[in-house]
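Residues per chain are reported as follows:
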Amino acid sequence: MSNIPIKKLHLPLENVHSEHCAHNIEKGLDTINDLQSHKVELNNQRVLIAYNQPETVTTTIETIKKLGYGVSHIKENFSILNLSCASCAASSENAVKNLKGVISASVNYASTTLTVDYLPNETNPKAIQKALQEIGFDIILEDKNYSLNTLEEIQQKKYQSLKNKTLWAGILTLPVFIIGMFAMDMPYANLISWLFATPVVFYFGKDFFVNAFKQAKLKMANMDTLVALSTGIAYLFSVFNMLYPEFWYSRGLHPHVYFEAASVIISFILLGRLLEAKAKENTSTALKKLMGLQPKIITLINNGFEKQIPIEEVEIGDTILVKPGEKIAVDGIIIHGNSYIDESMLSGEPVPVFKETNDLVYAGTLNQKGSFEFKAQKVGSETLLAHIIKAVQDAQGSKAPVQKLVDKIAGIFVPTVMGIAIFTFFIWLFFGGNNAWVQGLMAAITVLVIACPCALGLATPTAIMVGVGKGAEKGILIKDAESLELAKKINCIVLDKTGTITEGKPKVTNITWLEDGAEHQNILQQMEMKSEHPLAEAVVSFLPNTQNIQFQNYESSTGKGVIAQWNDVTYLVGNKKLIKENGIDINEKIDSQVKEWTNKGETVVYFAKGKNILAIISISDPIKENSKQAIETLVNKGIEVHMLTGDNNETAKKIAQAVSIQHYKGEALPQDKADYIKKLQESGKIVAMVGDGINDSTALATAEVSIAMGKGSDIAMEVAKMTIISSDLKKIPEAIALSQQTVKTIRQNLFWAFIYNIIGIPLAAGILYPINGFLLDPMIAGAAMALSSVSVVTNSLRLKFSEN
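Keep in mind the model is a prediction, meaning the values are calculated, not measured.

Attention now goes to the overall build of the chain. Helix and strand counts for the chain stand at 30 helices and 30 strands. Across its three principal axes, the chain shows a C-alpha extent of roughly 120 × 65 × 55 Å. Counting over 804 residues, the chain shows a buried share of 52%. Within the chain, contacts between residues at least 6 apart in sequence are counted, and of these 68% link residues at least 24 apart. Total accessible area on the chain is roughly 37,700 Å²; 55% of this is exposed by carbon and sulfur atoms. For the chain, the centre of its 75 positive side-chain charges and the centre of its 80 negative side-chain charges are spaced 5 Å apart.

Structure, rendered in structure tokens:
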């Protein structure tokens, strides 16, 4: 540890307003063993840390956030250019990681995406771009109005250029191959082969040599290095043999040329990259579909007149007309008309939804028969569709845990292969007999050609890209690769009741007033109006509109209810726990009525003044149509299902029985839910938590896999690693099945990528030669290497067509 240089970094702080806050942070940072020193600078709103391990910065930020403070940092995705192999991904990633102010960096070779988490006070996208350009890579810097068409155009141009190179390299290679294999003794055979092979190697294969040179200047190596070395050595060796044949004749050997090997290797590798690029393009079709959902032109209603404008010009508050068969451009609320809208592209639900005045509509959905006008509420990057696209991009660019090991292997792969090639050459030189020099050189070239880190680099990310994309098409939004990989291991699911098992649209079914009066109704409605709980919303909707009240004090008691003071009198609205805690008696008549309601599975809310109950309210929240079927599916898969609710135990019991749940807990506060999950984890369970409310966020953060319902709170969706857009529980078994299929595909890909190299490299080195005289031809090695990457990508694409 002492040999590793100590680095210093300023982390900009948020919400640190006092010495007490600074002291709390100092105390929290004392617990991080890897921090060499730390000092909060309150006046500058920052903390200076000294460290020697990059991971320590991430740990420090997480610790500060857990203490309730913030650190200003930006996480951005960039499209990275000029990646030619998995080793390129590793070297570009390391270049960004080594920049001061970069917290973490991750390059996904399959999606050609760079994800960077950085401190804006220390670095910026221009500095990141400059660091990459110095080693032969580049990124596209986006502005807010940036269209992905730019990237599409660049990729299309590169694909067309690669296609042309491959075609012409193939045409020029054909005569060299024919001469080398069947007409070696024809007049001027070597000269003709040289004339055709030279443009193949040094014009169409120029990028291999240019990139290899750039890597060499930085004392690095990648796939281009292997190709440049193998073809360059074969070409130069052949030129030497053609110009100075007497060197070998004088030693009793016949000089051979290997122009066909150099040409065929270049052609095959170009062909492999062309096929790989086409296959990789197909892995992101789901994302392209999402991006294509928004119309380019919309109809604006301005002072009663219709006007066609580009979508970029739409502003919040604009009135937009949607005609039958048109796509909806932005998120908004219907102000006139009605229609059936196909939301399947967002929710995965095939049945069109009827929408009328005051209903919300979303960008990317398809209007069917009716015509309506709506007011734009969210535009550009704020729409639900934009959030989904961003989440899919982030997830496809993220790395699964298994990928970290693969990246380490890919990082040392090329230097290791070069070492094996040199070792092979010398083994042949010492033990190869008369023709040892030539055979050793050809074996070393074959080792360089057959080795393929690309198959390893593509094995995990291509499967993740297809899996995440397929999830998005089904209405399952997956935030990162880790949760997709981990979902396969789930053996216990904890479900919140309201909005998860039930509709989340509670309605007041009964209200019994013990002391009636307009004033009491007014106070009750005003108290509930200030609460964010869905049950409060049901009470507000049920009671008539009343006059506004300015309470002297208003306090929310999490998981229990609210307490307010008006005219020096205390009023309470909440559950039985709140009533009991405040010493309010519940007489037999009230208790009898409450039991009758709870036996029906209804929730009871109490309204009290001082020590007297004024009213009891029963609220019903119907169970979703598919909840029972979804829960039974999970149980049949061997998954233990639990239900947690803040409702009373009787209501919890009735709901649990209705949906065939054996394990349940009522009267659970937010912290109780998190503690319940911890106990399950301590017993060896891999727990998924499914919820939709703010009060579920702690439990969601505690579980290994967190799933939010798309119609719930923004906080729940922010915390959760997966979101079910339609809020249909049936999607959870589908998500688990998708995880199982994706992990299975990753394992298949890794097996074939590793086995290919484990078998291919020793064969190329000539391990079978002493046994049966077999030596692998460099041309066959080139074809095998090209096909290895394509086979991995093709196997990942099978996921698109598999059934859950």
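Across the sheet, four strands lie side by side as β6-β7-β5-β8; this open sheet has antiparallel pairing. Looking at which strands have only one partner, the edges of the open sheet turn out to be β6 (102-108) and β8 (138-140). Neighbour-to-neighbour, the strand axes of this sheet turn through a mean angle of 35°, independent of strand direction. Note: β6 against strand β7 (residues 113-118), six bridges, orientation antiparallel. Bridged to Val107 within β7 is Leu114.

Before going further, it helps to examine the sheet that holds strand β29 (residues 705-709). In space, the seven strands of this open sheet follow the order β18-β30-β29-β28-β19-β26-β27, with mixed pairing throughout. At either margin of the open sheet sits one strand with a lone partner, and together these are β18 (476-478) and β27 (663-665). On average, adjacent strands in this sheet sit at an angle of 20° to one another, irrespective of strand direction. Bridge count for strand β28 (residues 687-691) against β29 is four bridges, and the pairing is parallel.

Moving on, we get to the packing of helix α6 (residues 189-204) against helix α8 (residues 223-243). Between α6 and α8, the shortest axis-to-axis distance is 11 Å and the interhelical angle comes to 155°. Relative to α8, the element α6 lies roughly antiparallel. Between α6 and α8 the crossing geometry is left-handed. Where α6 approaches α8, its residues Asn190, Leu191, Trp194, Thr198, Val201 and Phe202 are matched on the opposing element by Tyr235, Val239 and Met242.

Its place among the elements puts Gln439 in helix α15 (residues 436-450). If we skip the residues at most four places from it in the chain, Gln439 touches Trp428, Gly432, Tyr769 and Leu775.

Another aspect to go through is the nonpolar core. Core analysis: the biggest nonpolar cluster contains 142 residues, and Leu114, Ile493, Leu495, Ile661, Leu729 and Ile732 have the highest contact counts within it. Apart from the residues lying within four places of it in its own chain, the contact partners of Leu729 are Leu495, Thr500, Ile501, Ser627, Ala630, Ile631, Val690 and Met709. Counting 22 residues, the second-largest nonpolar core is a separate cluster that includes Leu535, Leu543, Ile549 and Ala615.

A full pass over the atoms with the stated rule returns 12 salt bridges. Between Lys595 and Asp591 there is a salt bridge, with its nearest N and O atoms 3.7 Å apart. Of this pair, Lys595 and Asp591 are both found in helix α22 (residues 588-599), four residues apart, which corresponds to roughly one turn of the helix. Take Lys595: its relative accessible area is 49%, and that puts it in the partly exposed class. Several salt bridges converge on common partners, so that one network encompasses Lys576, Asp591 and Lys595.

Quick look at empty space enclosed by the protein now. Taken as a whole and judged by the stated rule, the model has four cavities of 30 Å³ or more. Roughly 90 Å³ of internal volume is contained in the largest cavity. Taken together, Ser84, Tyr109, Met223, Ile269, Gly272, Arg273, Glu276, Cys454, Met785, Ala786 and Ser789 make up the lining of the largest cavity. Of all the elements in the fold, those that place two or more residues in the lining of the largest cavity are α10 (259-283) and α30 (778-801). At four residues, the largest contribution of residues to the lining of the largest cavity is made by α10. Its residues assigned to classes, the lining of the largest cavity comprises six nonpolar, three polar and two charged.

Conventions we followed
- Residues numbered from 1 in each chain as written.
- Predicted model: local features only at pLDDT ≥ 70, side-chain atom pairs only at ≥ 80, totals over all residues.
- Heavy atoms only, no water.
- Helix = DSSP H or I, 4+ residues; strand = E, 2+ residues; numbered from the N terminus.
- Buried < 20%, exposed > 50% of the residue type's maximum accessible area, 1.4 Å probe, protein only.
- Contact = heavy atoms within 4.5 Å.
- Areas by Shrake-Rupley, 256 points an atom, 1.4 Å probe, with all protein chains shown as cover.
- Lys, Arg positive; Asp, Glu negative; His and termini not counted.
- Charge placed at Lys NZ, Arg CZ, Asp CG, Glu CD.
- Pairing = 2+ DSSP bridges.
- Axes fitted to C-alpha atoms, helices over the stretch in contact; angles between N-to-C directions.
- Parallel < 35°, antiparallel > 145°, perpendicular 65-115°, else oblique.
- Left-handed = near helix turned anticlockwise from the far one by under 90°.
- Core = buried A, V, L, I, M, F, W, Y, C linked by side-chain atoms within 4.5 Å.
- Salt bridge = Lys/Arg side-chain N within 4 Å of Asp/Glu carboxyl O.
- 1 Å grid on protein atoms, 1.4 Å probe; cavity = no way out; pocket = protein on both sides within 12 Å on 5 of 7 lines; lining within 4 Å.
- Points joined across faces, edges and corners; volume = space filled by probe spheres on them.
- Nonpolar A, V, L, I, M, F, W, Y, C, P; charged D, E, K, R; others polar.

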